[in-house]
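# Reading the structure
Listed here are the chains, written in short residue letters.
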Amino acid sequence: MHRLRSTLARARAELELARTDGDPLPVDKLLGDLREALDLLGRVEAAAFQIVAVLVLDDDERLAELTARGLRRLGYEAESASRMRALRPREVVVLDLGLSASLDADQLVALRAARPIVVTGAADPASRALADDLGASDYLVKPVELDDLAAAIKRRTST
């Protein structure tokens, strides 16, 4: 909360100074401050209301969005993507194992730290070994029922 208050106070001060000095508004700086404030607010809400953020990564964008939409109906803050992005603190990652081949070294490190829930159509030992190498917290074979995925997310967030 303190960081949120500080960020908003900094943005307010920038606006007030620009207004009194007649200087043009520092739009980029203000947008950066607002992004930071919204991120901090999201963290506060997640802690206060026990909101779980989920990133669904799948090379099939349609399937990723359908999964994210189903998770949102269950009360999760879910987002879908077909490419890896910077992960938020405590964000749960649901990863289609096929997408792992397209990740670079830094993304693989971030993914391992996130201990993703792996979903895949493959049940062979090599796929399971790859999931283990990624530090997967769970391994689900497609088609995955939404209730099974929600249970895996609960297990992941309880550890």
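Residues numbered from 1 in each chain as written. Predicted model: local features only at pLDDT ≥ 70, side-chain atom pairs only at ≥ 80, totals over all residues. Heavy atoms only, no water.

## Comments concerning the nonpolar core
Counting residues in hydrophobic clusters, the biggest one holds 17 residues, and the most contacted among them are Val54, Leu71, Ile117 and Ile153. At the level of elements, β1 (53-57), α3 (61-73), β3 (92-96), β4 (117-120) and α6 (146-157) are the ones that each hand at least two residues to this core. Looking at which element gives the most residues to this core, the answer is α6, with four residues. Once residues within four sequence positions are removed from consideration, Leu71 is found in contact with Val54, Val56, Tyr76, Ala78, Leu146, Leu149 and Ile153. Grouped together as the second largest cluster of nonpolar side chains are 16 residues, Leu103, Leu111, Val118 and Leu134 included. (Core = buried A, V, L, I, M, F, W, Y, C linked by side-chain atoms within 4.5 Å. Buried < 20%, exposed > 50% of the residue type's maximum accessible area, 1.4 Å probe, protein only. Helix = DSSP H or I, 4+ residues; strand = E, 2+ residues; numbered from the N terminus. Contact = heavy atoms within 4.5 Å.)

## Observations regarding the sheet that holds β3
The strands that make up a sheet are held in pairs by hydrogen bonds between backbone atoms, and each pair lies either parallel or antiparallel. The strand order β2-β1-β3-β4-β5 describes an open sheet built from five strands, whose pairing is parallel. The outermost strands of the open sheet, each flanked by one partner alone, are β2 (77-81) and β5 (138-141). The average angle at which neighbouring strand axes cross in this sheet is 20°, direction not considered. Two elements, β3 and β4, share three bridges in a ladder whose sense is parallel. (Pairing = 2+ DSSP bridges. Axes fitted to C-alpha atoms, helices over the stretch in contact; angles between N-to-C directions.)

## Describing the side chain of Asp58
Mapped onto the elements of the fold, Asp58 is located in the loop between β1 and α3. According to the relative accessible area criterion, Asp58 is buried, its value standing at 4%. Once residues lying within four places of it in the same chain are set aside, the contact partners of Asp58 are Leu63, Ala64, Ala81, Ser82, Asp96, Leu99 and Lys142.

## With respect to the pairing of β4
Along β4, one buried face is formed by Ile117 and Val119 and the opposite face, lined by Val118 and Thr120, is buried too. Considered for its hand, the β-α-β crossover made up of β4, helix α5 (residues 125-133) and β5 is right-handed. (Right-handed = clockwise from strand over helix to strand, strands pointing away.)

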